[in-house]
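# Observations on chain architecture
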Amino acid sequence: MTDSKYFTTTKKGEIFELKAELNSDKKEKKKEAVKKVIASMTVGKDVSALFPDVVNCMQTDNLELKKLVYLYLMNYAKSQPDMAIMAVNTFVKDCEDPNPLIRALAVRTMGCIRVDKITEYLCEPLRKCLKDEDPYVRKTAAVCVAKLHDINAQLVEDQGFLDTLKDLISDSNPMVVANAVAALSEIAESHPNSNLLDLNPQTINKLLTALNECTEWGQIFILDCLANYTPRDDRESQSICERVTPRLSHANSAVVLSAVKVLMKFMEMLPKDLDYYGTLLKKLAPPLVTLLSAEPELQYVALRNINLIVQRRPEILKHEMKVFFVKYNDPIYVKLEKLDIMIRLASQANIAQVLAELKEYATEVDVDFVRKAVRAIGRCAIKVEQSAERCVSTLLDLIQTKVNYVVQEAIVVIKDIFRKYPNKYESVIATLCENLDSLDEPEARAAMIWIVGEYAERIDNADELLESFLEGFHDESTQVQLQLLTAIVKLFLKKPTETQELVQQVLSLATQDSDNPDLRDRGYIYWRLLSTDPVAAKEVVLAEKPLISEETDLIEPTLLEELICHIGTLASVYHKPPSAFVEGSRGVQHKRLAGSSGSGESVESPDTGSAAGVSEAPPAVIPSQGDLLGDLLNLDLTPTTTGPPPPASTGMQMGAMDLLGGGLDSLMGDESEPPPIPLRTDTPQSPQLPHQSPSPPDYSPTELGGDLGGSPAMGAPFGAPPATMPASFNAPVSGGLDDLFDLAGGVGMPMGAYNPPKTLWLPAMKAKGLEISGTFVRRAGVIQMEMTLNNKAMSVMSDFAIQFNRNSFGLAPAGPLQILTPLSPNQSIEAALPLSTVGPVMKMEPLNNLQVAVKNNIDVFYFSCQYPISMLFVEDGKMERQVFLATWKDIPNDNESQFQIKDCHLNSDAASNKLQGSNIFTIAKRTVEGQDMLYQSMKLTNGIWVLAELRVQMGNPNYTISLKCRAPEVSQCVFQNYEMVLKN
């Protein structure tokens, strides 16, 4: 008879009967009773009243009965913690049983009983099991440590279990190694700054050796651990890749994806001209293709991961287009994912094949899939220019089928093709207009309206077509209403005499009869423009549009880097970072690829720890970068006449801040709201057709941009004086670096600061003959922008003014641009503009990017340039040694970045002197095994401190630099500055 009999209901007094059976002298009867208890527990009955009776059954040699009792114990220990203590002696006894299976069972159950009261009793048995002679017991005990850490982290650390776990990484049994790695990784995830997995070449070698012999899940744990390691150089990276590559042929798809993750990360370190790099690319393709022969669910996961891989390295699968062709029996979710990857792999070489395939898909029966296929044809046209004509003719063929949803999708994508290739395919407009009546979807109607408005001059009955849409204006979606409003205004500006009534009608509908604020605002703006200055309206509404980009759906590069580091996890399926869907602190550390700037572990870096009196700056949100045109059009270019000179050192501009970078707030968007635009209160008049076009308006400088955003041409009042050092930093701080501060020496007199040569910022051909080249210098604490203005036009230039957009560090002109005499043709003039750092702040990309507008009597011109970040290093940036030590310890390890400075032939003293000229101060120096280590500090104008450890090896032209900062975004710019100063 099967075990199903235990689940059948029995008569009243079930608990009483079970109690009697559990206390029976007969072993078989006892075992039957425990099975009945487990069956009742499984179907949800409360059998907790039997706890003492079941626990009494633990004293048995029968393994099956012991497993059942342990199962009951795990389920009810939490609700009966006092009774659970009764089982402790049995656990201790079972942990010394001669049978390794019973020892392992005991330790596994101990880990699953999540009761604080009994955890401390379990420490001794667990310690013995961690050093057990049987590997099965050791591997079970390793996982138990992770479970115990989750219940009581402090207890695990005090008992020294973490050190024992680290020792197990060197175990002779590969499964023990894999479980130790899994347990340490689990603990490290809940404590991101603990640095438990101290990976070094020796440890990595042991893990790679164990990789060949452990089970598939053990291999996954080890590969995931390897992915968190940053190799020292490309040779080590290649060596690891060679030893991981055999995992690509594993039968388990999870092992394959984990191996791909490791290889994708370490490839970043390999030079592209290396033979092995090309070999590795070829080896990665077959396993990814093989994953696509699995069942649909696995295929989908593989395709989502391949989508990321193709965005990062399309060359891996560029010859494998055919495997992504859709099969008739593929589920829709697989079809759509394959379609997306096909577009990403489309190139001039395979476009004919892809288009033929997409045309077939467009005749399928699945509506969603057909729509995507038609969109894909449009994306091909935009991505591969040579295929655009063929794509357009394919779309026209599809329109001729007269299938409603196919026609609508085709019109939407043709609109994008017009945007990408203006004045090339407009001959098809007539065909599109024939299908106007069949359009019923908002996106297709909006696209068709856009086409009619944009090419109104080529369509004879454009006004009739738009008027037909206007009849049901209030029934249309917002998208269609907005597009219709713009299209009719365009039509009016192109054919004013015929459409005055139509434009008045649409403006009235949009402003007086509509409740939608977006529509109403746009209507009022057009009304005001048309009624005051039709020429200005023409310049705004009919302005040349920017071409649309090739790939609008690519994942943002930094997010893509992070997702590549999470290949084979849920993050790679959702295409979202773990922090977006994992609650709490676990699993949300941000990862970066090895080759990109991120946290690199420094072998000799000072230990992390908490120092007394070191306060942590609160996190802040960084505003995103606005687009160049939008922000610069809002600048006030009125030249100002007077103003105080900038102070010798701006110090900390944002009021009192703590030493460790409270000035972060100023970098991270602590800016005041811009003043509102003054609105005229008079009611807009209906636009009247002028008898003759007026001349373009003569804008005053203020009207050029109003006073929205941007930095004022004149520096605002400066902030509070620099904050004093908190008293707590004077307290002595003990730690691993104490001794090195007694070894400082060899720091000589500083050289002069390095100032980069002038570069061309604004070429004459882009600025109607005005050419500007320049550089940035810092002299006696004053930042200056030194420029050479060259007039290559035929007319005299005068009335110069300059304006900066908001930027990362609040740089703004501290006075007007002093060019007192007009600039004659072929004449050049030198100008030095003093800068302050109290302007509006907005994070730029890159961080040291500066967007500038220059006005003269001819026009306003825009350009962007980059300033060396050393311009912002202040003269009081030398930290006290004890403060340096405390600060280094306090800044999290995740904020540390490591870089290589290649081909530098200075000794450490010369390097230190040279850097001091740029306000990079050496605080201490020590020599270890022929390697000089310089500990340096610098302070930015907004109070952010950057700490550095520079390693110089005699005879080695490559330096290593580790940077720590509360705002890690700054590190890349600081590294570039080091490189520039040391190499020039």
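Residues numbered from 1 in each chain as written. Predicted model: local features only at pLDDT ≥ 70, side-chain atom pairs only at ≥ 80, totals over all residues. Heavy atoms only, no water.

If you check an unreviewed UniProt entry, the protein appears there as AP complex subunit beta from Cottoperca gobio. The heading Subcellular location (unreviewed entry) in the UniProt record of the protein holds the text "Endomembrane system". (UniProt positions renumbered as here; feature names shortened; annotations may be inferred.)

What the protein contains, in helices and strands, is 39 helices and 13 strands. Excluding contacts between residues fewer than 6 apart, the proportion of contacts in the protein whose partners are at least 24 apart in sequence is 72%. When the accessible surface of the protein is totalled, it reaches about 44700 Å², and 51% of it is carbon and sulfur. (Helix = DSSP H or I, 4+ residues; strand = E, 2+ residues; numbered from the N terminus. Contact = heavy atoms within 4.5 Å. Areas by Shrake-Rupley, 256 points an atom, 1.4 Å probe, with all protein chains shown as cover.)

Quick look at the pattern of salt bridges now. Inspection of every chain in the model, using the stated rule, returns 36 salt bridges. Between K31 and E64 there is a salt bridge, with its nearest N and O atoms 3.1 Å apart. Linking K31 in helix α2 (residues 27–42) with E64 in helix α4 (residues 63–76), this pair joins segments that are 33 residues apart in sequence. Overall, K31 belongs to the buried group, its relative accessible area being 11%. For E64, a relative accessible area of 38% translates into the label partly exposed. Between D859 and K768 there is a salt bridge, and its shortest N-O distance comes to 2.8 Å. Taken together, the positions of D859 in the loop between β7 (849–855) and β8 (860–866) and K768 in the loop between β1 (759–762) and β2 (770–779) put the pair 91 residues apart, joining distant regions of the chain. In the salt-bridge network here, residues are joined through shared partners; they are E268, R312, R313, E315 and E561. (Salt bridge = Lys/Arg side-chain N within 4 Å of Asp/Glu carboxyl O. Buried < 20%, exposed > 50% of the residue type's maximum accessible area, 1.4 Å probe, protein only.)

Our next topic: the packing of aromatic side chains. Following the criterion strictly, the structure yields twelve aromatic pairs and no others. Geometrically, the ring pair formed by Y574 and F581 is edge-to-face, given 4.8 Å between the ring centres and 90° between the ring planes. Given the relative accessible area of 43%, Y574 is considered partly exposed. Aromatic pair W761 and F863: ring centres 5.9 Å apart, planes at 20°, arrangement stacked. Separated by 102 residues along the polypeptide, W761 in strand β1 and F863 in strand β8 bring together distant segments of the chain. Using a relative accessible area of 4% as the deciding quantity, one classes F863 as buried. Taken together through their ring pairs, the aromatic side chains of W761, F776, F863 and Y867 make up a single cluster. The residue whose ring lies beneath K335 is F369, and the NZ or CZ to ring-centre distance is 5.2 Å. (Phe/Tyr/Trp six-rings, centres within 6.5 Å; stacked < 30°, edge-to-face > 60°. Lys NZ or Arg CZ within 6 Å of the ring centre and 35° of its normal.)

It is the contact of helix α38 (residues 908–916) with helix α39 (residues 970–983), at a shortest axis distance of 10 Å, that shows an interaxial angle of 110°. Relative to α39, the element α38 is oriented roughly perpendicular. Remark: the crossing between α38 and α39 carries right-handed chirality. Contacts between α38 and α39 pair A911, K914 and L915 from the former with Y978, V981 and L982 from the latter. For the contact of α38 with α39, a count of residues per class yields five nonpolar, no polar and one charged. (Axes fitted to C-alpha atoms, helices over the stretch in contact; angles between N-to-C directions. Parallel < 35°, antiparallel > 145°, perpendicular 65-115°, else oblique. Left-handed = near helix turned anticlockwise from the far one by under 90°. Nonpolar A, V, L, I, M, F, W, Y, C, P; charged D, E, K, R; others polar.)

Okay, the side chain of S937 next. Relative to the elements of secondary structure, S937 occurs in strand β11 (residues 931–939). Exposure remark for S937: the relative accessible area of 0% places this residue in the buried category. At a separation of 2.7 Å, a polar atom in the side chain of S937 contacts the main-chain carbonyl oxygen of G877. From its side chain, S937 meets the backbone nitrogen of M879 in a polar contact 3.2 Å long. Setting aside residues no more than four positions away along its own chain, S937 makes contact with G877, K878, M879, F884, N919, I920, F921, I923, W945, V946 and L947. (Polar contact = N/O pair within 3.5 Å; in protein donor to acceptor, adjacent residues only side chain to side chain.)

Let us look at unusual backbone geometry. Omega for the bond connecting E845 with P846 falls within 30 degrees of zero, at -5°, which places this linkage in the cis form. Note that P846 resides in the loop between β6 (828–836) and β7. The phi dihedral of H575 is positive, around 60°, even though this residue is not glycine. Mapped onto the fold, H575 is located in the loop between α33 (570–574) and α34 (628–632). When its relative accessible area of 15% is taken as the criterion, H575 is described as buried. The phi torsion at A780 lies on the positive side, around 50°, for a residue other than glycine. Secondary-structure assignment places A780 in the loop between β2 and β3 (782–791).

Pairing within the open sheet is antiparallel, and its five strands lie in the order β1-β2-β3-β6-β5. Strands with a single pairing partner mark the edges of an open sheet, and in this sheet they are β1 and β5 (812–813). When β2 meets β3, the two strands line up antiparallel, connected through ten bridges. From the neighbouring strand, S773 faces β3, where its bridge partner is T788. (Pairing = 2+ DSSP bridges.)

Further remarks concern the nonpolar core. Of all hydrophobic cores here, the largest spans 207 residues; its most connected members are Y72, F91, L126, L358 and F418. With residues up to four places along the chain from it excluded, the contact list for F91 reads M58, Y70, L73, A106, T109, M110, I113 and L122. Counting 63 residues, the second largest nonpolar core, distinct from the first, contains F804, L872, F873 and L940. (Core = buried A, V, L, I, M, F, W, Y, C linked by side-chain atoms within 4.5 Å.)

Right, let's talk about the packing of helix α21 (residues 351–361) against helix α22 (residues 367–383) for a bit. When two helices pack together, their arrangement is given by the angle between their axes and by how far apart the axes lie. The contact between α21 and α22 brings their axes to 8 Å, and the two run at 155°. When the interaxial angle is binned, α21 and α22 end up roughly antiparallel. In the crossing of α21 with α22, the sense of the turn from one axis to the other is left-handed. Of the residues in α22, those in contact with I351, V354, L355, L358 and Y361 of α21 are F369, V370, A373, A376, I377 and C380. Within the contact of α21 with α22, the residues separate by chemical class into eleven nonpolar, no polar and no charged.

The terminal C-alpha atoms of α4 lie 20 Å apart, and with 14 residues this matches the ideal 20 Å at 1.5 Å per residue to within 8%. Among the structural elements, α2, α3 (51–56), α6 (88–94) and α7 (100–112) are those in contact with the buried residues of α4. (Expected span 1.5 Å × (residues − 1).)

Our focus in this paragraph is the sheet that holds strand β12 (residues 945–953). In a beta sheet, neighbouring strands are held together by backbone hydrogen bonds and run either parallel or antiparallel to one another. The strand order across the open sheet formed by five strands is β9-β13-β12-β11-β10, and the pairing between neighbours is antiparallel. One side of each edge strand has no neighbouring strand; the edge strands of this open sheet are β9 (896–901) and β10 (921–928). Taken over all neighbouring pairs, the strand axes of this sheet differ in orientation by 20° on average, direction set aside. Summarising the sheet, β9 and strand β13 (residues 959–965) pair through six bridges and their orientation is antiparallel. Residue pairing for β13: S897 is matched across the bridge by L963. Contacting β9, β11, β12 and β13, α39 crosses the sheet at an angle of about 25° to β9.

Let us now look at the pairing of β2. The buried fraction of β2 is high, at nine of ten residues. As defined by bridge partners, β1 adjoins β2 across three bridges and the pair is classed as antiparallel. Looking at β2, one finds that T759 is bridged to G774. Linking β2 to β3, which pair antiparallel, is a turn of two residues; within it A780 sits at a positive phi near 50°.

Note on placement: E443 falls in helix α26 (residues 442–454). Looking at E443, the relative accessible area reads 36%, which means it is partly exposed. Residue contacts for E443: discarding those within four places in its chain leaves R375, V412 and Q479.

Before going further, it helps to spend a moment on the environment of E360. Here E360 is to be found in helix α21. C-alpha separation for the pair E360 and A373, spaced 13 residues apart in sequence, amounts to 8.9 Å.

The side chains of a regular strand alternate between both faces of the sheet. Of all the seven residues making up β13, seven are buried; the element is thus mostly covered by neighbouring parts of the structure. Side chains Y959, I961, L963 and C965 of β13 all project onto a buried face; the interleaved residues T960, S962 and K964 project onto the opposite face, where all are buried too. The pairing of β12 with β13 spans six bridges and is antiparallel. Its bridge partner being in β13, A948 is matched across the sheet by L963. Count of turn residues in the β12/β13 antiparallel hairpin: five residues, of which G955 carries a positive phi of about 80°.

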